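Single-letter residue listing:
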Amino acid sequence: MAVAIASVWSTAGASGIWSRPQSVQFEMLSLADGLADSTIFSISQDARGRIWLGSAAGGANVFDGYQVRSFLHDPADPESLSHSAAGEVLATSEGTVIVGTWGGGLNRLLDVDGRFERVTAAQAPTHIQVLFEDSAGRVWIGSADSGLYRLDQPRGAVQPQARANGMPFMRVWSVAEGPDGDIWVATNDGLESVTGRTFSPDQPWLDYPRALLLVDDALWVADGETIYRLEDAGLRRLAGDLPLINTLARSPRGNVLLGTLAGVRAVDVDGNAVPPLGQPEPVLFPERNIRRFHFDRSGVGWIATREAGVIRAQPTVPGFDGYRLESRLATADSVYELAPDDLLLGSRRGIWRLRRTADGNSFTRVPDSESYPINRFSEAGDRVLVAARGSVLEFDPRSGELSTVPRFASLDGEDATVIHGYVDGAVDIGTWASGLFRFASDGSVRQYAPGGDVELPDVSISDIEPDGAGGIWLGLWNIGIAHVAPTGEVRVVTKETLGLDGNIHDLLFLDGELWVASSFGLAQYDEVRNSGERLLLIPDFPNTPVQRLAAGPGRIWAATNRGVIAIDREGRSVTRFGRSDGLAVEEFYARSGHVGDNGRVYFGGLGGFVSFLPGRVSLEQAAPDAAIIAAWVDGEPTTVGRTVTLPPSAGSLRLRFMAADYRNATANRFRWRLTGADDAWSAVSGDPETLFTGLDPGEYTFELEAANANGLWNRRAATIGVEVLPAWWQTLWGQSAVAIGLLSFAWAWNFWNTQRIRARNRELQHEVDRQTRALQEANRSLARAASTDYLTGLLNRRGFLAQVENADPNGQVYFAIIDVDDFKSFNDRFGHDIGDLVLQHVARVLQQATDSNALVARWGGEEFILRLLADDGAAAAAAAERARHAVETRQPEVGTKIPPITITLGLAHLRTGESCIRSINRADGRLLQGKQSGKNCLVVTG
């Protein structure tokens with residue numbers, strides 16, 4: 001386990017030319033996330049992968065990556081915690097969770113549902129300050145009021161541990177195992193082992209010790225402000241003049257972390273101060289009182305604080321470099337490396353040059369380029385050819401000058417999409433509307449297009465890829481791909497043959513394999529079999545656009561609109577990287593890639609570019625374990641063991657599960673199946689719950705597989721049995737009893753009576769059917785009522801959120817929050833009846849003024865909300881403005897003269913990866929600006 005964590009925190013290849021990506025990203029887990037208390041004293045991870053947090057007054061808290069659940073003391077429940085001051089939690093290597101409380105002694109978790117039993121002893125410790133497991137699996141319990149105890153078996157009893165002289169230990173601050181297996185105890189009396197070796201605080205160089213840690217083959221001791229190492233000759237002072245030290249821990253980088261009264265510090269194994277967790281600052285979180293460290297199995301560091309919750313330290317993936325563009329340039333549509341510290345960036349507003357200087361990064365626009373939208377660059381000796389909209393240009397890196405090229409004057413006015421130069425001086429130029437032009441070194445020009453010198457079925461060329469034998473592969477934007485042999489022979493492969501849909505973006509020909517990127521995925525083309533294999537890169541987003549491809553050792557690297565994906569060429573496994581892994585950007589564009597002279601890959605996109613050497617990106621990650629952590633039968637919680645049993649009357653079973661990877665937990669993915677009912681796997685989903693209804697009596701097995709945010713799947717499924725008990729009449733003895741009874745009374749029945757009973761049964765069935773239909777209709781009506789505003793007939797907030805959160809819209813999403821201006825005056829001056837008529841009028845106008853793709857709802861009170869689907873922000877703003885104008889110009893007839901009705905709107909764009917609520921909150925902020933600036937207006941944000 002230590003090796004896996006160390007690889008995640010490795011610094012190999014982490015630095016870069018343009019930026020040193022943050023090696024650790026910090027997030028908070030606080031009261032707002034569900035913690036029952038902001039003071040956390042201990043952290044531990046159980047066998048299922050859940051993170052346990054011991055709090056000062058909020059009981060034992062457990063976090064599964066999605067939500068926090070708290071277990072508190074309940075005087076009426078003997079199976080609850082014995083006390084809510086549960087500062088010490090330890091998940092043992094055997095799988096038992098033990099909770100030590102301050103005032104209620106020791107507790108042992110019985111099941112995942114939170115039932116506890118109290119651990120008793122002849123002299124039971126009540127105020128527990130330390131829980132420590134040694135290499136033999138024994139648990140040592142340090143008490144503040146009754147010394148030291150030992151628990152040899154996880155299910156055994158607690159045994160008091162006396163000092164070597166027979167006296168009890170004093171208040172225990174820390175317990176650790178020494179290099180020889182001896183157990184050392186830090187107490188108010190000093191430092192002492194259970195075998196009798198002691199170091200007393202009356203020695204002038206040692207105050208009373210508070211923290212112990214085994215570092216390599218030596219025991220480290222921290223007193224109030226000094227660190228010592230225990231050696232044969234005694235305690236050797238390593239560092240001093242520190243804030244009060246609460247805890248020590250070994251970091252994955254090999255240094256020693258110090259949790260102090262004033263933040264996180266670190267020293268190396270010789271006691272020299274080093275930056276903690278690889279950060280540049282000498283002290284992290286200097287205003288926080290640090291109480292404990294923990295590094296989980298996915299490599300995430302957890303830092304417990306007093307009164308400030310938990311800090312999560314998520315390591316990024318080493319190897320990625322990148323650059324975030326200045327606000328004047330929104331996207332990097334193409335990238336070209338002049339030198340490792342000198343780049344050209346093509347945009348829709350010209351060419352920009354990014355250079356690394358002694359004073360930092362120089363980012364300037366190339367003169368005379370601002371009128372050219374740039375598509376692609378290509379090398380041409382000491383110059384750079386530029387494929388632009390309307391022309392083919394030439395850039396001189398030495399002079400910085402941009403000029404037209406007389407050789408390509410015939411392409412003036414054409415949209416040049418791709419350009420490729422050859423050693424002999426020939427140049428291929430693909431266009432958007434006129435096919436491909438080959439400018440040979442002898443000055444001749446040939447056109448590859450419908451009706452051209454070489455016949456092609458498409459005029460839009462998206463990429464050019466030499467085949468290494470004198471021919472070329474062409475990406476045909478609308479059709480598929482085409483191979484042009486040196487003889488001029490053309491062979492077309494359609495998108496259907498490739499197994500792709502959408503438009504062709506990029507080609508990569510490598511070792512006889514042709515890889516094809518499209519707006520709906522990636523395929524590998526087998527030329528011998530003339531067939532394509534479509535690769536499923538992201539199972540829950542099967543049509544992920546692949547924009548650009550690059551090659552690396554054993555892998556293909558793909559830039560997509562959902563990050564960078566590495567594809568193993570042999571096993572076809574994929575690893576996905578995003579912003580949480582250290583990428584400067586994660587949404588990329590077609591034609592945006594480039595490979596430099598030393599193999600460095602550049603992918604450009606929204607807000608900047610990513611740069612990396614493929615061989616230096618860390619791919620040493622482990623797939624997460626899956627675990628089933630909760631179950632409900634008909635909405636009531638039930639015990640999760642090896643089997644969940646449902647009574648005959650049960651109608652539903654709901655299961656909750658998790659993946660033990662906290663690096664980006666909400667992006668973990670799952671798939672499951674219930675063998676015995678349906679052996680097919682479910683669709684991949686990020687939902688950590690599933691619901692089964694109408695299960696027939698029998699035995700089933702629920703199987704769960706999980707993947708982390710990087711798309712690494714653990715095919716070792718977590719399983720749980722599901723048993724549905726039969727009703728008595730479904731059992732063999734019940735059926736036999738019924739049969740015997742029927743035979744016994746058969747002589748008493750005649751044909752007439754049988755017919756009468758059948759007729760009665762039919763009547764009853766008709767009545768049941770009628771009542772069932774009525775009940776179903778009532779349920780549907782209730783469902784509609786729950787999501788509909790009774791006054792306006794629009795969706796209410798609940799119904800609106802349910803639709804927008806579950807929708808997969810075709811286009812960009814914008815939210816507009818709307819407020820009826822001065823609405824209170826209508827109620828105050830004219831009464832609530834007039835106010836209701838105004839609201840109904842506004843609702844009708846909004847519905848009439850928006851297109852069928854818009855979604856209108858009443859947000860609450862006099863507030864409404866619109867979801868708009870638009871190609872860009874200008875179109876969304878225009879739609880919102882039409883709605884505002886419609887309300888202003890269409891006044892209602894209410895039987896009395898009222899002031900004009902106007903509305904104010906705040907508009908926001910739903911960003912990639914952003915939740916709907918967050919986007920709506922930004923729109924609400926713009927609404928407030930509009931109200932403050934005069935009302936009856938539209939305020940737009942990004």
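The model shown is predicted, which means the values in this text are computed figures rather than measured ones. (Residues numbered from 1 in each chain as written. Predicted model: local features only at pLDDT ≥ 70, side-chain atom pairs only at ≥ 80, totals over all residues. Heavy atoms only, no water.)

J.: How should I be thinking about helix 6 (residues 823-830) in this particular structure?
T.: Along an α-helix, a turn takes 3.6 residues, which lines up residues three or four apart on a common side. Of all the positions in helix 6, only Phe823, Phe826 and Asn827 are classed as buried. Projected down its long axis, helix 6 carries its buried residues within an arc of 90°, all on one side. Summarising the geometry of helix 6, the exposed residues directed more than 90 degrees from the buried face are Lys824, Asp828 and Arg829. Turning to helix 6, the residues buried within the fold contact strand 65 (812-820) and helix 7 (832-849). Taken from the residues just after helix 6, Gly831 is the one with a positive phi, measuring 95°. (Buried < 20%, exposed > 50% of the residue type's maximum accessible area, 1.4 Å probe, protein only. Helix = DSSP H or I, 4+ residues; strand = E, 2+ residues; numbered from the N terminus. Arc of directions from axis to C-beta. Contact = heavy atoms within 4.5 Å.)

J.: I'm lost on helix 7 in this one. Help?
T.: Its 18 residues give helix 7 an end-to-end C-alpha distance of 25 Å, which sits within 8% of 26 Å, the value for a rise of 1.5 Å per residue. Residues of helix 7 that are buried include every one of Ile834, Gly835, Val838, Leu839, His841, Val842, Ala843, Val845, Leu846 and Ala849, and no others. (Expected span 1.5 Å × (residues − 1).)

J.: What exactly am I supposed to notice about the environment of Gly87 here?
T.: Along the chain, Gly87 turns up in the loop between strand 5 (68-71) and strand 6 (88-91). Sequence spacing of Gly87 and Arg715 is 628 residues, and the spatial spacing of their C-alpha atoms is 36 Å. With residues near it in sequence (within four places) discarded, Gly87 still touches Phe41, Ser42, Gly54, Ser55 and Gly100.

J.: Teacher, can you tell me more about the sheet that holds strand 32 (residues 350-357) here?
T.: Sheet strands pair via backbone hydrogen bonds, and the direction of the pair is either parallel or antiparallel. Ordered in space as 30-31-32-33, the 4 strands form an open sheet in which the pairing is antiparallel. The sheet is open, and its two borders are formed by strand 30 (334-339) and strand 33 (360-365), each paired with just one other strand. Within the sheet, the average angular offset between the axes of one strand and its neighbour, ignoring direction, is 20°. Where strand 30 meets strand 31 (residues 342-347), 5 bridges bridge the pair, whose relative direction is antiparallel. Following the sheet pairing, Glu337 is matched in strand 31 by Leu343. (Pairing = 2+ DSSP bridges. Axes fitted to C-alpha atoms, helices over the stretch in contact; angles between N-to-C directions.)

J.: So what exactly am I meant to see when it comes to the packing of helix 6 against helix 7 here?
T.: Each pair of packed helices can be described by the angle between their axes along with the distance between the axes. Taken N-terminus to C-terminus, the directions of helix 6 and helix 7 make an angle of 145°; their axes are 7 Å apart at the nearest point. Contact with helix 6, carried on its side by Phe823, Phe826, Asn827 and Phe830, involves His832, Ile834, Gly835, Val838 and Leu839 of helix 7 and no other residues of that element. For the contact of helix 6 with helix 7, a count of residues per class yields 6 nonpolar, 3 polar and no charged. (Nonpolar A, V, L, I, M, F, W, Y, C, P; charged D, E, K, R; others polar.)

J.: What am I meant to see in the packing of helix 5 (residues 797-806) against helix 9 (residues 916-932) here?
T.: Two elements in contact, helix 5 and helix 9, have axes whose closest approach is 10 Å; the angle formed by their N-to-C orientations is 120°. One way to sum up the angle between helix 5 and helix 9 is to call them oblique. On the side of helix 5, the interface is formed by Phe800, Leu801, Val804 and Glu805, while helix 9 contributes Cys916, Ile917 and Ile920. Its residues assigned to classes, the contact of helix 5 with helix 9 comprises 6 nonpolar, no polar and 1 charged. (Parallel < 35°, antiparallel > 145°, perpendicular 65-115°, else oblique.)

J.: What is the right way to look at the confidence of the model for the chain in this model?
T.: Per-residue pLDDT for the chain averages 89, and the proportion of residues at 70 or more is 93%. Here residues 1-7 is modelled with pLDDT under 50, and outside its nearest four sequence neighbours on either side it reaches 9 contacts, counting other chains as well. Residue range residues 10-15 is modelled with pLDDT below 50. Its contacts to residues more than four positions away, or to other chains, number 14 contacts. (pLDDT = per-residue confidence, 0-100.)

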